[in-house]
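# A look at the structure
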Amino acid sequence: MNSLLSIADNLATFWNFTGFANAEPGHIVMILVGLFFIYLAIKKEFEPLLLIPIGFGILIGNIPFNEAANMQIGIYEEGSVFNILYQGVVQGWYPPLIFLGIGAMTDFSSLIANPKLILIGAAAQFGIFAAYIIATMWGFAPNEAGAIGIIGGADGPTAIFLSSKLAPHLLGAIAISAYSYMALVPVIQPPFMRMLTTKNERVIKMKTPRVVSQTEKILFPIMGLLLTAFLVPSGLALLGMLFFGNLLKESGVTRRLAETARGPLIDTITILLGLTVGASTQATTFIRWESLKVFGIGALSFIVATVTGILFVKFMNIFLAKGKKINPLIGNSGVSAVPDSARISQHVGMEYDPSNYLLMHAMGPNVAGVIGSAVAAGILLGFLY
């Protein structure tokens, strides 16, 4: 009899440690969200390199377990494997390494050839500051509002970097929101591009960009670093790594380093960042009213950034000669979702004129948006940290 009771106790103990016994409705909701992310990545091909690690990370982070047992399983339990990997997010060193890889794979030729396109990238950053204002009106503290606002730049690494400094408790919601809207660029932007432009504006053909010399390409990251970092030293971690990566690419003598930065290194960091950010959405800490507000403000900021970029191009065209006007369809690419927003400019443009290739022109404000979001993050960090 005693042996039977002992077996029953062991089974009861085993059951109390299973996910079935510890599951809450929130876990099921988040698992469904993770499966939806994976579906979008595989079926719709929306940012699969991001959404699959994040989606699977959400599954990992929402496997229920007995938290009271302190088995060092969860991402928030000190000493666990996932907690150790998550330190790259919390301490903010994954995003600069991502920027190193982005710099090593980015060609700034379109921006160098037509410097006025940087104004479009700058205008699109208005979404960041609009979101900051909205967040403060919705009751968030200034530091929280600054972290939330960066979602408008459609730049996941920057959003993670800034929120890890200003509002670590909102990091999961901000990161998931930023990457979600980056992935949904093909869904969110086209309706506003069509709504805010006329048929004649959509078929504007821009001159082929001039050929940029190798010397210009080498000088750009050096001068870019000095100008932006002297202006916003607090953005040095992102700006420094971005321009360093670009110099590795353009110098012509560090090909192996550039290939490592834009290949194995950025792939490894993307896996770790996506997986741990996804796992940080543990239902017991993630499902809160504040998280829903973050998603709402993020959507508004992304829309504002898109609209502002398009309207700014229309404003610029008032002062440009007829043969030098800019197609407003590239205004959406001022957000730093590289290169997806530039591809959307190309896609929508070819709907109205199949011979009108806007991709190279759109890459100008697109890469300017990367710089702009890093500068904006530096500004917010400078006066809110």
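Overview of the structure. Along each chain, residue indices are assigned from 1 in the same order as the chain's sequence is written. For this predicted model, a pLDDT threshold of at least 70 governs which residues receive local features, and a threshold of 80 or more governs which side-chain atom pairs are given and counted, while totals over whole chains, interfaces and linings are taken from all residues. With hydrogens and water set aside, each side-chain value is computed from the structure's full complement of heavy atoms.

### Observations concerning the layout of surface pockets
Going by this rule: A pocket here means an open set of points on a 1 Å grid, computed over the protein atoms alone, that has protein on both sides within 12 Å along at least five of seven lines. A cavity is instead a set of points where a 1.4 Å probe fits but cannot get out; residues with an atom within 4 Å of a point line either one. Grid points are joined across faces, edges and corners, and a volume is the space filled by probe spheres set on the points. Starting at the N terminus, helices and strands are each numbered in turn, a helix being any DSSP run of H or I of at least four residues and a strand any DSSP run of E of at least two.
For the largest pocket, the calculated volume is near 730 Å³. Taken together, 30 residues make up the lining of the largest pocket; nearest its centre are Glu-47, Leu-49, Leu-50, Val-338 and Pro-339. Elements that contribute at least two residues to the lining of the largest pocket include exactly α4 (48–61), α6 (94–105), α11 (156–166), α12 (171–183), α17 (255–279), α20 (340–352) and α21 (359–384). Per element, the largest residue contribution to the lining of the largest pocket is 5 residues, and it comes from α17.

### Some details on helix α3 (residues 25–43)
The condition is simple: By this rule, a helix spans an expected 1.5 Å times one less than how many residues it contains. To sort residues, take the accessible area from a 1.4 Å probe on protein chains only and compare it with the maximum for the residue type: under 20% means buried, over 50% means exposed, and anything in between is partly exposed. Here the arc refers to the directions that run from the helix axis out to each C-beta atom.
In this model α3 runs 27 Å from its N-terminal to its C-terminal C-alpha over 19 residues, within 8% of the 27 Å that 1.5 Å per residue would give. Regarding α3, the residues found buried are Gly-26, His-27, Met-30, Gly-34, Phe-37, Ile-38, Leu-40 and Ala-41. Buried residues of α3, seen end-on, are gathered within an arc of 160 degrees and therefore sit on one face of the element. Structural note: α3 exposes Pro-25, Leu-32, Ile-42 and Lys-43 on the side pointing more than 90 degrees away from its buried face.

### Notes on the packing of aromatic side chains
Short version of the rule: Aromatic rings from Phe, Tyr and Trp, with only the six-membered ring used for Trp, were paired whenever their centres fell within 6.5 Å, and each pair was classed as stacked if the ring planes differed by under 30 degrees, edge-to-face if by over 60, and tilted otherwise.
Counted under the stated rule, the structure contains 9 aromatic pairs. Between Phe-220 and Phe-243, the ring centres sit 6.1 Å apart and the planes meet at 70 degrees, which makes this aromatic pair edge-to-face. Separated by 23 residues along the polypeptide, Phe-220 in helix α15 (residues 214–231) and Phe-243 in helix α16 (residues 236–250) bring together distant segments of the chain. Note on accessibility: Phe-220 and Phe-243 belong to one class, buried. Ring centres of Phe-315 and Phe-319 lie 5.2 Å apart, and the angle between their planes is 75 degrees; this geometry places the pair in the edge-to-face category.

### With respect to unusual backbone geometry
The amide bond that connects Val-338 to the next residue, Pro-339, takes the cis arrangement and shows omega of -10 degrees. Tracing the backbone through its elements, the reader meets Pro-339 in the loop between α19 (289–317) and α20. In this model, Glu-45 sits at a positive phi of 60 degrees, which is unusual for a non-glycine residue. Counting through the fold element by element, Glu-45 comes out in the loop between α3 and α4. With a relative accessible area of 63%, Glu-45 lands in the exposed category. For Glu-47, which is not glycine, the phi torsion reads 40 degrees and is therefore positive. Structurally, Glu-47 is set in the loop between α3 and α4. The class for Glu-47 is buried, based on a relative accessible area of 15%.

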